[in-house]
Amino acid sequence: MHSFRYVGRELFCEDIALSDLVREHGTPLYVYSQATLADHYSKLDTALAPLDHLICFAMKSNSNLAVIRTFADLGGGFDTVSAGEIQRVIAAGGDPGKCVFAGVGKTEEEIAFALKQGIYSFNVESEAELARISKVAVKLKKIAPVAVRVNPNVDAHTHAKITTGTYDNKFGIQFESIEAVYARAAKLPNIRLRGLQMHIGSQLTDVEPFRKAVEKVGPLVTKLNARHGFDFFSIGGGIGIVYEDALASGDVAWWKTAAGRKILTPDLYAKTLLPLLKPLGLKILLEPGRFMSGNAGALVTRVEYIKKTGKKNFVIVDAAMNDLIRPAFYDSFHEIVPLTKKAGAKVSSDVVGPVCESGDYFAKDRPLPKVGEGDTLALLSAGAYGSVMGSNYNSRSLPTEILVHGKKTSVVRRRQAIADIWANEAIADWQQQPKQPISEKPQAKVKVTKATKAKK
Ligand code: LLP
């Protein structure tokens, strides 16, 4: 389920009308539902109950401290990809001992930091990295817990930019080489071979690639476990979510779209994989990101202008590709709905941002209710790979983020002040300093337009 739904004509997140949040905080605005985050965690947790398991939230999908804290409070761990992400877990009050550390380019400093924090395991992507981890561990007189990432060469049938489990990708070590790599790694000082890891791709809506990969890798895990004495097997993340019909699916059942199309559910995932995983007798780690945070977030934006050309009806909004890059980068679909329901026929519209790029769009030729200046819209399923992929392109400040919990709301990220965008920049020493340095920081103000006032 997810907690975005209409109550009367107004779109709510849990018990809060999004229009009220706009009046208070302006736009663009990210809104997250704590109930949805918790619901998705517990659905997966319950489905996997027959196994000893740890759900490590892939925080690359959403690393807001309050989101991290939500999962930490539920007992979850974290899949991290930088020292920065491990520091975020600590800053949010989470346990670094429940963090796995992945990524193909870990620096010596990052490895040292992770070792000092006592992370659960490094997910290692190459032999060169194994050697480096061993060297740093020796220097620090620590034992490094390690799992090698196996590339099972299974096609995940997903978008080319988010598939990772074939030999065309930079990730992991090829299946055929793994045994030899473990044999060599076992001889490295200060390395503890704690498990094996795999991940085949993201936004998988079919269970078959998961089944194929676990079926292929399972026997390898058994063999390596007998030799090296493992604690765990990590099957990665990748469970897909509903993007189309996201709103209707929240009302019915989040895994079943209004059109009745079923996608991967935690139950189907568990039912398919449990018989393959249980006999391994190991702790099973998962690294879901999108599944946990995707449907839990919306990006709220305001219509600035309507521009009609002979061919198109452009709805120009105040959010842009710097706030949510997924449509521009992956051609991905996000459902767009008005905060206040509109009657009347739909109009084919292009929803675009103000950034100077043709790629700065959220929807093309989309039938949308007729909207005008000052109306507000929500882009749904924006909780994963939304804010985290944001940038200051076009010197646009990063938006406010709100966490909703029942009737409660909390600002979990303040809107970035404009001057903070260049806070780390300077005029070069040999250049003349501006005569009148900016004395006041131009703050991004909360905008209250006539249109939003009228709605009160
Ligand atoms: N584990 C590993 C090793 C990963 O590389 C990823 C995602 C995950 C777990 C989490 O995958 P998830 O459960 O979220 O599918 N920016 C793209 C997605 C990039 C995914 C990168 N790796 C998007 O917006 O669709």
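All values derive from a computational prediction rather than experimental measurement. All residue numbers refer to position in the chain's written sequence, counted from 1. This being a predicted model, a pLDDT of at least 70 is required before a residue's local features are given, and a value of 80 or more before pairs of side-chain atoms are given or counted; all residues contribute to the totals for chains, interfaces and linings. To get the side-chain values, all heavy atoms of the structure are used, and hydrogens and water are removed first.

### A few points about the side chain of D360
Secondary structure is summarised from DSSP: a helix means a run of H or I of at least four residues, a strand means a run of E of at least two, and numbering begins at the N terminus for each. Here D360 shows up in the loop between β17 (346–352) and β18 (361–369). Exposure categories follow from relative accessible area, calculated using a 1.4 Å probe and restricted to protein chains: below 20% of the type maximum is buried, above 50% is exposed, and the middle band is partly exposed. Positive charges come from Lys and Arg, negative ones from Asp and Glu, while His and the chain ends are left out of the count. The salt bridge definition used is simple: a Lys or Arg side-chain nitrogen within 4 Å of an Asp or Glu carboxyl oxygen. For the buried D360, no salt bridge is present, and the opposite-charge side chain at shortest range is R396, 6.6 Å distant. N or O atoms closer than or at 3.5 Å make up a polar contact, with two conditions inside protein: a donor-capable atom paired with an acceptor-capable one, and, for residues adjacent in sequence, both atoms drawn from side chains. Side-chain polar atoms of D360 contact the backbone nitrogen of V355, separated by 2.8 Å. Throughout, a residue-residue contact means that at least one pair of heavy atoms, one from each residue, lies within 4.5 Å. Residues contacting D360, with those up to four places away along its chain left out, are A320, M321, V352, G353, P354 and V355.

### Quick word on the environment of P275
Among the secondary structure elements, P275 is positioned in helix α10 (residues 266–277). Considering only alpha carbons, one finds P275 and T46, 229 residues apart in sequence, at a separation of 16 Å.

### Quick notes on the sheet that holds strand β2 (residues 10–13)
Pairing between two strands is assigned when DSSP locates at least 2 bridges connecting them. The strand order β1-β2-β3 describes an open sheet built from 3 strands, whose pairing is antiparallel. Two strands close off the open sheet at either side, each with one partner strand: β1 (4–7) and β3 (16–17). Inspection of the sheet shows β2 paired to β3 by 2 bridges, in the antiparallel sense. By the bridge assignment, F12 is partnered in β3 with A17.

### Brief notes about the packing of aromatic side chains
Between two aromatic rings, the relevant description is the distance of the centres plus the angle of the planes. Side-chain rings of Phe, Tyr and Trp (the six-membered ring for Trp) are treated as a pair once their centres are within 6.5 Å; stacked means planes under 30 degrees apart, edge-to-face means over 60, and tilted covers the remaining angles. If you walk through the whole model with that rule in mind, you get 8 aromatic pairs. Ring centres of Y30 and Y32 lie 6.1 Å apart, and the angle between their planes is 20 degrees; on these two criteria the pair is classed as stacked. On the basis of relative accessibility, which here comes to 1%, the residue Y32 falls in the buried class. By the ring-pair criterion, three or more aromatic residues cluster together here, those being Y41, F57 and F71. In this analysis the charged atom, NZ for Lys or CZ for Arg, is taken to sit over a ring once it is within 6 Å of the ring centre and within 35 degrees of the ring normal. We note K106 situated over the ring of F101; from NZ or CZ to the ring centre the distance is 5.4 Å. Its end group placed over the ring of F333, R366 keeps NZ or CZ at 3.9 Å from the ring centre.

### Describing the site of the ligand
Taken together, the neighbourhood of the ligand is formed by 18 residues, with S202, E287, R326, Y330 and Y385 sitting nearest. In this structure, H199 approaches the ligand through a side-chain N or O atom, which is 3.5 Å from a nitrogen atom. Within the side chain of R326, a nitrogen or oxygen atom sits 2.6 Å from an oxygen atom of the ligand. For the accessible areas, the method is Shrake-Rupley and the probe is 1.4 Å, while residue cover comes only from the protein chains on display. Coverage of the ligand by the protein chains reaches 92% of its 590 Å² of free accessible surface. By residue class, the composition of the shell around the ligand is 6 nonpolar, 6 polar and 6 charged. Residue ranges for the domains trace back to a domain assignment, done automatically or taken from a database. Taken together, domain 1 (1–33 + 292–456) and domain 2 (48–288) each give at least three residues to the shell around the ligand, which thus spans both. Here a residue counts as near a molecule or strand whenever at least one of its heavy atoms sits within 4 Å of it. Throughout, the ten residues Ala, Val, Leu, Ile, Met, Phe, Trp, Tyr, Cys and Pro are labelled nonpolar, Asp, Glu, Lys and Arg are labelled charged, and all others, Gly among them, are labelled polar.

### A closer look at the pattern of salt bridges
By the definition in use, this model includes 21 salt bridges. Put simply, E304 and R302 hold a salt bridge, and the shortest N to O gap is 3.0 Å. Here E304 falls in the partly exposed class, since its relative accessible area comes to 22%. Across the pair K342 and D375 runs a salt bridge, and its minimum N-O distance is 3.1 Å.

### A closer look at the confidence of the model for the protein chain
Per-residue confidence for the protein chain gives a mean pLDDT of 93; residues scoring 70 or more make up 91%. Every residue gets a pLDDT, meaning the predictor's confidence in that residue, from 0 to 100. Contacts of residues 448–456 to residues separated by more than four positions or lying in other chains number 14 contacts, the stretch itself having pLDDT below 50.

### A short note on the packing of helix α2 (residues 34–47) against α10
Interaxial distance between α2 and α10 falls to 9 Å at its minimum, and their mutual angle equals 25 degrees. Here α2 is positioned roughly parallel relative to α10, judged by the angle of their axes. Relative to α10, α2 is oriented so that their crossing is right-handed. Contact residues: α2 offers K43, L44 and A47, while α10 offers P266, D267, Y269, A270 and L274. Inter-axis angles, ranging from 0 to 180 degrees, are taken between N-to-C directions of lines fitted to C-alpha atoms, where helices are fitted over the stretch in contact. For classification, angles of less than 35 degrees are called roughly parallel, those exceeding 145 degrees roughly antiparallel, those between 65 and 115 degrees roughly perpendicular, and all remaining angles oblique. A clockwise turn of the near helix away from the far one marks a right-handed crossing, whereas an anticlockwise turn of less than a right angle marks a left-handed crossing.

### Things to note about the domain arrangement of the protein chain
When its domains are assigned, the protein chain resolves into domain 1 (1–33 + 292–456) and domain 2 (48–288). Placing a centre on the C-alpha atoms of domain 1 and another on those of domain 2 gives a separation of 32 Å. Taken together, the contacts link 29 residues of domain 1 with 28 residues of domain 2. Surface buried jointly by domain 1 and domain 2 totals about 2300 Å² across both partners, of which 60% is contributed by carbon and sulfur atoms. Two parts placed together each lose some accessible area; with a 1.4 Å probe, that loss summed over both constitutes the buried area. Three residues, M292, Y330 and Y385, lead the burial of domain 1 against domain 2; their summed loss comes to 25% of the area buried on that side. The tally of links between domain 1 and domain 2 comes to 0 salt bridges. The interface formed by domain 1 and domain 2 holds 10 residue pairs in polar contact (both at pLDDT 80 or more) in total. Where the side of domain 1 that touches domain 2 is concerned, the elements lending two or more residues are β1, α11 (290–293), α12 (326–330), β20 (400–405) and β21 (408–413). Looking at side-chain class alone, the side of domain 1 that touches domain 2 contains 16 nonpolar, 8 polar and 5 charged residues.

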